[in-house]
Amino acid sequence: MKPEKLLPIAEKARNMAYAPYSEFYVGAAIVDEQGNIHSGCNVENAAYPIGCCAEQSAVAQMILNGGKSIKQILIIGKPGNTCPPCGACRQIIAEHGDASTQIHLETADGQFSTQSIDELLPNAFHPSKL
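Please read all numbers here as calculations on a predicted model, not as lab measurements. (Residues numbered from 1 in each chain as written. Predicted model: local features only at pLDDT ≥ 70, side-chain atom pairs only at ≥ 80, totals over all residues. Heavy atoms only, no water.)

*Asks:* Would you mind going over the overall build of the protein with me for this structure?
*Replies:* Regarding its fold elements, the protein presents four helices and five strands. Secondary structure elements in the protein, listed N-terminal to C-terminal, are α-β-β-α-β-α-β-β-α. For 130 residues, the compact-globule estimate of 2.2 N^0.38 gives 14 Å, and the C-alpha radius of gyration of the protein, at 14 Å, lies within 12% of that figure. Projected onto its principal axes, the C-alpha coordinates of the protein cover approximately 40 × 35 × 30 Å. Expressed as a percentage of its 130 residues, the buried residues of the protein come to 42%. Contacts in the protein between residues at least 24 apart in sequence constitute 58% of all its contacts with a sequence separation of at least 6. By element, 55% of the accessible surface of the protein is carried by carbon and sulfur atoms, the whole surface being about 7,000 Å². (Helix = DSSP H or I, 4+ residues; strand = E, 2+ residues; numbered from the N terminus. Rg over C-alpha atoms; globule rule 2.2 N^0.38 Å. Buried < 20%, exposed > 50% of the residue type's maximum accessible area, 1.4 Å probe, protein only. Contact = heavy atoms within 4.5 Å. Areas by Shrake-Rupley, 256 points an atom, 1.4 Å probe, with all protein chains shown as cover.)

Quick look at the structure:
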């Protein structure tokens, strides 16, 4: 699926984000192995470390809806700025995806860059290492 098709879903999620402290609103849209789309937004908390990233909430929705694996994820933040996933989210994407999982990021010029999870998180810690 082209990232352009995921953009309205990620934008809707970003518009629902709860970020009164940082005003950093993020939306994510996932395509799972069945072709179903799941979305998520960031949710902050006054006790900063216990907030939830958009990618985390999208993965939770995917699992809740029966999805097993991330095939693609689009992550968007403030329009005009690329919003790569944080380290924790890279690990979550790696655990719920595979080497072919595509991460799409909206670029400053309104285009999209795409990378694999292996490019964003080389030598990731996977459950197979337990």
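Now that the structure has been shown, the text picks up again.
*Asks:* Looking at this structure, I do not really get the pairing of strand β3 (residues 70-76). What am I missing?
*Replies:* Each regular strand displays side chains that alternate between the two surfaces of the sheet. Within β3, six of the seven residues are buried, leaving the element largely enclosed by the surrounding structure. Crossover connection from β3 via helix α3 (residues 87-95) to parallel strand β4 (residues 102-106): handedness right-handed. (Right-handed = clockwise from strand over helix to strand, strands pointing away.)

*Asks:* Would you explain the environment of glutamine 111 in this entry?
*Replies:* Structurally, the position occupied by glutamine 111 is in the loop between β4 and β5 (112-116). Given the relative accessible area of 47%, glutamine 111 is considered partly exposed. Linking glutamine 111 and cysteine 53, residues 58 residues apart in sequence, is a C-alpha distance of 23 Å. Setting aside chain neighbours within four positions, we find glutamine 111 in contact with Leu105 and Glu106.

*Asks:* Honestly, unusual backbone geometry in this entry has me stumped. Any pointers?
*Replies:* The phi torsion of most residues other than glycine is negative, and most of the peptide bonds are trans. Phi is positive for glutamate 23, close to 55 degrees, though the residue is something other than glycine. Of note, glutamate 23 is situated in the loop between α1 (3-16) and β1 (27-32). A residue is classified by how much of its surface remains accessible, and glutamate 23, at 59% relative accessible area, is exposed. Unlike most non-glycine residues, asparagine 123 shows phi in positive territory, near 55 degrees. Residue class for asparagine 123 comes out exposed when judged on its relative accessible area of 73%.

*Asks:* Could you clarify how one ought to interpret the environment of glutamate 55 in this entry?
*Replies:* By secondary structure assignment, the location of glutamate 55 is in helix α2 (residues 54-64). If we skip the residues at most four places from it in the chain, glutamate 55 touches Ala28, Ile73, Ile75, Pro85, Cys89 and Ile93.

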